[in-house]
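Descriptive analysis of the structure
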Amino acid sequence: MQLEIRPDPAEVGRARRWARSRLVGSGIGDEEPLAETLILLVSELVTNAVVHTGCPAVLRLSLPGGAVGPSTVRLEVADSSDRAPVPRCAGDEATGGRGLALVDGLADRWGWSVEGAGKRIWCELDRCAAPAEVSVDRGGAAECAGMADRAAGVRKEPRPAYGGLAYEAV
């Protein structure tokens, strides 16, 4: 699936709406952390293409077709600019410059490649099994533990477990 993007900031909202509508038939519900993370990544990558290149772009989305098990969602934005994406170190007062850092923190993988006279920036999100299918180890930590935290930007280590109970040193 793909959407052509004009070099206009209003296209960012249109890209988010388009991506959200594509989730409907993919088996990814609005309540899944993956859905909100995906929409945020669409917003960041399309904003970068529109604001930093001033060129038309193409948004591509590869979603699992109704899959309920583990799968990978891939998002790509291709544009005709030969300018490489450059992660910036934004100061506390800066109103921009955090987009690629956000992509790096939220996506499971991301990168970019030269494509013709332009480039393609991509990222992937791994989708875990549906909640009813998540396997649990003896300590009670689900194999997909932390996905919601990762979507919220929080990284946590699993708590040590003893006899099925979790203990935390305070």
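Above this text sits the structure in question.
Now for a quick tour of the structure. Given the structure is predicted, the values throughout are model-derived calculations rather than measurements.

What to know about the side chain of Asp-79
Tracing the backbone shows Asp-79 in strand 3 (residues 71-79). A distance of 2.9 Å separates a polar atom in the side chain of Asp-79 from the backbone nitrogen of Ser-81. Of note is the side chain of Asp-79, whose polar atom sits 2.9 Å from the side chain of Lys-119.

A look at the environment of Asp-104
Its location among the elements puts Asp-104 in helix 3 (residues 99-106). When its relative accessible area of 47% is taken as the criterion, Asp-104 is described as partly exposed. Here the alpha-carbon distance between Asp-104 and Cys-123, two residues 19 residues apart in the chain, equals 8.7 Å.

Notes on the nonpolar core
Grouped together as the largest cluster of nonpolar side chains are 31 residues, with contacts concentrated most on Ile-5, Leu-38, Leu-41, Val-46, Leu-59, Leu-61 and Leu-75. Those elements giving two or more residues to this core turn out to be strand 1 (2-5), helix 1 (11-23), helix 2 (33-53), strand 2 (57-62), strand 3, helix 3 and strand 5 (118-127). If we skip the residues at most four places from it in the chain, Ile-5 touches Glu-11, Arg-14, Ala-15, Val-46, Val-50, Pro-56, Ala-57 and Leu-59.

Details of the pairing of strand 3
Residues in a regular strand project their side chains so that they alternate between the two faces of the sheet. The buried fraction of strand 3 amounts to 7 of the 9 residues, a majority that puts the element mostly inside the structure. Of the strand pairs in this sheet, strand 3 and strand 5 are connected by 9 bridges, and their pairing is antiparallel. Directly across from Thr-72, in strand 5, lies its bridge partner Asp-126.

Brief notes about the sheet that holds strand 2
Whenever strands of a sheet pair, they do so through backbone hydrogen bonds, lying parallel or antiparallel. Across the sheet, which stays open at both edges, the 5 strands sit in the order 1-2-3-5-4 with antiparallel pairing between neighbours. Because the sheet does not close on itself, it has two edges, and the strands there are strand 1 and strand 4 (109-115). For this sheet, the mean inter-axis angle between neighbouring strands, taken without regard to orientation, is 15 degrees. Of the strands in this sheet, strand 1, strand 2, strand 3 and strand 5 are in contact with helix 2, which crosses strand 3 at around 10 degrees.

Observations concerning the pattern of salt bridges
For the coordinates displayed, the defined rule picks out 11 salt bridges. A salt bridge links Arg-14 to Glu-11; the shortest N-O distance between them is 2.7 Å. Here Arg-14 pairs with Glu-11, and both are found in helix 1, just 3 residues apart, close to one helical turn. Two residues, Arg-120 and Glu-76, come together in a salt bridge whose shortest N-O distance is 2.4 Å. Linking Arg-120 in strand 5 with Glu-76 in strand 3, this pair joins segments that are 44 residues apart in sequence. As far as burial versus exposure is concerned, Arg-120 and Glu-76 are alike and both buried.

Scoring rules and cut-offs
- Residues numbered from 1 in each chain as written.
- Predicted model: local features only at pLDDT ≥ 70, side-chain atom pairs only at ≥ 80, totals over all residues.
- Heavy atoms only, no water.
- Helix = DSSP H or I, 4+ residues; strand = E, 2+ residues; numbered from the N terminus.
- Polar contact = N/O pair within 3.5 Å; in protein donor to acceptor, adjacent residues only side chain to side chain.
- Buried < 20%, exposed > 50% of the residue type's maximum accessible area, 1.4 Å probe, protein only.
- Core = buried A, V, L, I, M, F, W, Y, C linked by side-chain atoms within 4.5 Å.
- Contact = heavy atoms within 4.5 Å.
- Pairing = 2+ DSSP bridges.
- Axes fitted to C-alpha atoms, helices over the stretch in contact; angles between N-to-C directions.
- Salt bridge = Lys/Arg side-chain N within 4 Å of Asp/Glu carboxyl O.

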